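# Coordinate inspection notes
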Amino acid sequence: MAGIQGEQEEPGGTGGRQLKVETHGLDVIGDTDRKGRPRQLFWPWFGANVSILGLSYGSFALGFGISFWQALAAGLIGILFSFLLCGFVAVAGKRGSAPTMVLSRAAFGIRGNRLPSALSWILTVGWETVLTALATLATATVFGRLGWGGGTSTKVVALVLVTALIVAGGVMGFDLIMRMQTVITVVTGVLTVVYIVLAAGHVHWDTVSRIHGGSAQEFIGALVFMMTGFGLGWVNAAADYSRYLPRRSSSAGVVGWTTFGASLAPVLLLLFGLLLAGSSPELSKAIAADPIGALTEVLPTWFLIPFAAVAVLGLVGGAVLDIYSSGLALLAAGLKAPRYVAALVDGVLMVAGTIYIVFVADDFLGPFIGFLTTLGVPIAAWCGIMLADLALRRRDYDEADLYRPSGRYGDVPLLPVAVIVVSTAVGWGLVTNGAASWLGWQGYLLGPLGLGGKTGSWAFANLGVLLALVIGFAATWAFNRSRVRAQESAAPADPSVQAVRP
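Quick look at the structure, then. (Residues numbered from 1 in each chain as written. Predicted model: local features only at pLDDT ≥ 70, side-chain atom pairs only at ≥ 80, totals over all residues. Heavy atoms only, no water.)

## Considering the environment of D362
- You can see D362 is positioned in the loop between helix 14 (339-359) and helix 15 (365-392).
- Each C-alpha atom, one on D362 and one on A289, is 8.5 Å from the other, the two residues being 73 residues apart in sequence. (Helix = DSSP H or I, 4+ residues; strand = E, 2+ residues; numbered from the N terminus.)

Following this line, the structure appears as structure tokens:
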């Protein structure tokens, strides 16, 4: 956990520290500053995933043409498995005390790692933009229902306020983020329960149970969508929030608390979201256009303001962690600037993207699925490589060599770069997204491999994400063993030698 000065507090504790801009960037956290226990990972992960957007995933899953039970199974498997991957990556943080995309240098080399770092940066900036846009749209919808506006001026004001919260958290750093997450966790948790109680009367099991089941391909498509919408959107940042734990911390505890904290809210929200969307085709269709604002249709007027609070705070909770990690990824990709400057750069891009989604784009769900699937392929490949590399290691990282192109991890090793490029090429050939015309070039392997082409039954199963993960892991496990052993047999680096900060 980066940027905590002095003793680690229990979640929400401030220890009387004054808030100040965090100075830590890609640097290693010293052993004397590494405090805390794995259970404290519950709070940032729960706070980042308690967003009421989880309810809308019920509609997204049913949109694949599957039944309630199929959607529930796809969601449970996708959420738990993908966040379990986050838990495994988080172990690297306590073994290396550096940000995720710095630890990735052990697998990809110092400058070779700029490729996955750039991909990580694009993904996290994309998520920041999506969450900010949803918060803006939700606020406008609530104000519209209350008769207080809801048009362009309302959206502009909402965008300014939401952006201010997110960018402030990203620039100030971990200390402020943890304080924000504690408040967000409590407020959104309580108000989400109230929302479920108020909306429960709109659930009609008879209607839900009559939804016809879909094919195996449609089930797999929903499962992959859940993976990319949840855990695979966080794996590239998973070690950012465990790197402040002592080296002696239980690896099982790191995996368990990360997975539990991140999965708990999405699983419960998905279950109710499936019941709600399955009870009303009209509501399910509205969610596709405005995933958060549409959920107000089942609420009494008096709860609209609290709903706006829970919706905005939940989305801000995720976006704040994203902008923090995206700044670190941008530094790892090669930007020469302080961490807070990188966060500001990301904030500017986030605002530009939000303006496009809110004021220009006609459709949300199509581009959203396309974004998740397209970037989900290379991130899945990176995750497979990272996990295999981590599993092969018997020792902690040599932290000094993580910053030296001439050190044990190398500069641009051929194997991992080739694996991520090949895995991505294969993966993109096995995914499609008909709702986003700019992605029409994908799916080029569906025909040659006898899977029915871009209009066949396997077209929307998005097998490419799963295959990229498997190829990345298998190739690294099979061919990188000798390289890892050579790295671990080298003499410890001399920390007094000045490291090159790529």
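The discussion continues.
## Regarding the pattern of salt bridges
- Overall, the coordinates contain nine salt bridges when judged by the stated rule.
- With a shortest N-O distance of 3.7 Å, D396 and R95 are connected by a salt bridge. Here D396 is found in the loop between helix 15 and helix 16 (414-428), whereas its partner R95 is found in helix 3 (residues 68-96), with 301 residues between them in sequence.
- Its relative accessible area of 13% is what places R95 among the buried residues.
- Between R408 and D401 there is a salt bridge, and its shortest N-O distance comes to 2.9 Å.
- Taking relative accessible area as the criterion, D401 reaches 6% and is therefore assigned buried.
- Residues participating in the shared-partner salt-bridge network are R95, R247, D396 and E399. (Salt bridge = Lys/Arg side-chain N within 4 Å of Asp/Glu carboxyl O. Buried < 20%, exposed > 50% of the residue type's maximum accessible area, 1.4 Å probe, protein only.)

## Here's the deal with helix 18 (residues 481-489)
- When we look at burial in helix 18, the residues that qualify are R483, V484, Q487 and E488. The buried residues of helix 18 occupy one face: seen down the axis, they fall within an arc of 130°. For helix 18, the exposed residues lying more than 90 degrees away from the buried face are S482 and S489. (Arc of directions from axis to C-beta.)

## Notes on the nonpolar core
- Grouped together as the largest cluster of nonpolar side chains are 138 residues, with contacts concentrated most on Y57, Y195 and F307.
- In terms of residue count, the dominant contributor to this core is helix 13 (residues 304-332) (18 residues). (Core = buried A, V, L, I, M, F, W, Y, C linked by side-chain atoms within 4.5 Å.)

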